[in-house]
Amino acid sequence: MSERVYARYWIETAFPLQQAAEIMAGEQSTGTFVRVPGETDELRERYAARVESIAGQGTAESPSLPGAGRPKGGGAPVYRRAEVSLSWPIENMGVSLPNLLATVAGNLFELKPFSGLRLTDVQLPPAYLEKYQGPQFGVAGTFRLCGVSGGPLIGTIIKPSVGLSPEATAAAVDALAEGGIDFIKDDELQADGPHCPFAARLAAVMRVVHRHADRTGRKVMYACNITGEIDEMLRRHDAVAEAGGTCVMVSMNSIGLPALVALRRHSRLAIHGHRNGWGMYSRSPAIGMSYIAYQKFWRLAGIDHMHVNGLQNKFCESDESVIASARECLTPMFAVPGRGCQITPVFSSGQSARQAPGTFQALGSTDLIFAAGGGIMAHPAGIAAGVRSLRQAWEAAVAGVPLAEYAAGHPELRAALEKFDS
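So, here is what we can say about the structure in this document. (Residues numbered from 1 in each chain as written. Predicted model: local features only at pLDDT ≥ 70, side-chain atom pairs only at ≥ 80, totals over all residues. Heavy atoms only, no water.)

## Some words on the nonpolar core
Among the nonpolar cores identified, the biggest contains 109 residues, and Tyr-9, Ile-11, Val-104, Tyr-128, Val-250 and Leu-300 are the most heavily contacted of them. Ignoring anything within four residues of it in the chain, the contact list for Ile-11 reads Leu-17, Ala-20, Met-24, Arg-80, Arg-81, Ala-82, Val-84, Phe-114, Gly-116 and Leu-117. Phe-143, Val-148, Phe-183 and Val-346 belong to the second largest nonpolar core, which has 15 residues in total. (Core = buried A, V, L, I, M, F, W, Y, C linked by side-chain atoms within 4.5 Å. Buried < 20%, exposed > 50% of the residue type's maximum accessible area, 1.4 Å probe, protein only. Contact = heavy atoms within 4.5 Å.)

Here it is in structure tokens:
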């Protein structure tokens, strides 16, 4: 095999940049701190990771992370920052997502020469498409399953997170479906607890979903949380399919890549990915990985929708990062017609009618799920008015009409703006 995997990193180190990059390449391929028997020049030539480029980005006055080493001798260390690109022959790890992750995001993060190291992007050869299926439904299929021809899909999350009975959950779905919602998801904390067992919740909710589908001719997409052991998830997927559901939800970081691959190979339904736990990878700018890199593994594994946070969210992520994440979900990973692995970005976290114009202006697309909890439930005129206010806000955004101006002729939007400006 001559194809290569490429990865880009941000680094901070007190060591010379070339030496630091070579340490990274050696650690994740053939290198040891001393030569060992069998480590021939021929082996290194064929299998060693290659330093493709180094671009300096200035210096820092102090190390960003604790425990960093420094070169022996000399005076006060200079902590240099740079963008480093490495590549590996694909034969090192084979066409394997778990082993790919071990290669590009393995022991690097704890190497002593680095006071900061972050994976920012990966580029994969088309050979990965020969083994992995990617999303089954993606953007177009998700909209088709929802019976919607143009976006965005308006969605919400069942709250309280836990404590509701199956009947109370179904009652919430009933009110939302009556209000014209497109997409409803379980909270990531609601799985199979004794107060709301999976089977009872699924049966109660799907009775409501079918009743409204019979009334409207359009089936609300209910993303039922099936997170669990692999055999449990496959059984739960089958139960959702047999009940007439169109979507299942998993907590991606909890189940791992191999479990998602197994689910995708088995699945007949859209797979909704919740990234809870994402902050462990992302919150520090000095370690972890960017969403640009992170989401590519999951897209290839087979996720159809994936959370990207939202503008002016309740978390620590900037608006620029949110939009970059969403834009990346919609950008093809591969230049293979029909196999770009694009997925539907899911905006959530404190969203309301107020964020629609900024989201559309920055993203330039309506190929998304716009999920609001309080932005729907807390509308002073009720749930249906809350759903309509979001649709009206997006109508205004797409038309380029200021919200206040559009709200003058749309009372639901006007009430929402008054509510969420207070």
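## Some points on the pattern of salt bridges
Taken as a whole and judged by the stated rule, the model has 17 salt bridges. One salt bridge in this structure joins Arg-215 and Glu-178, with 3.9 Å as the shortest N-O distance. One end of the pair, Arg-215, is in helix H7 (residues 198-216); the other, Glu-178, is in helix H6 (residues 166-178), and 37 residues separate them in sequence. With a closest N to O distance of 3.1 Å, Arg-391 and Asp-182 form a salt bridge. Separated by 209 residues along the polypeptide, Arg-391 in helix H16 (residues 383-399) and Asp-182 in the loop between H6 and strand S6 (183-185) bring together distant segments of the chain. Of the residues examined, Arg-391 reaches a relative accessible area of 27% and is grouped as partly exposed. In this structure Asp-182 comes out as buried when scored by relative accessible area, which is 1%. (Salt bridge = Lys/Arg side-chain N within 4 Å of Asp/Glu carboxyl O. Helix = DSSP H or I, 4+ residues; strand = E, 2+ residues; numbered from the N terminus.)

## A closer look at the environment of Glu-3
Among the structural elements, Glu-3 can be located in the segment before strand S1 (4-13). The spacing of Glu-3 and Gly-106 is 103 residues in sequence and 21 Å in space, taken between C-alpha atoms. With near-sequence residues (within four places) excluded, Glu-3 lies in contact with Trp-88, Pro-89, Ile-90, Pro-125, Pro-126 and Ala-127.

## So, the side chain of Asn-313
With respect to the element layout, Asn-313 can be found in the loop between strand S11 (305-309) and helix H13 (319-329). Setting aside residues up to four positions removed in sequence, Asn-313 forms contacts with Val-322 and Ser-349.

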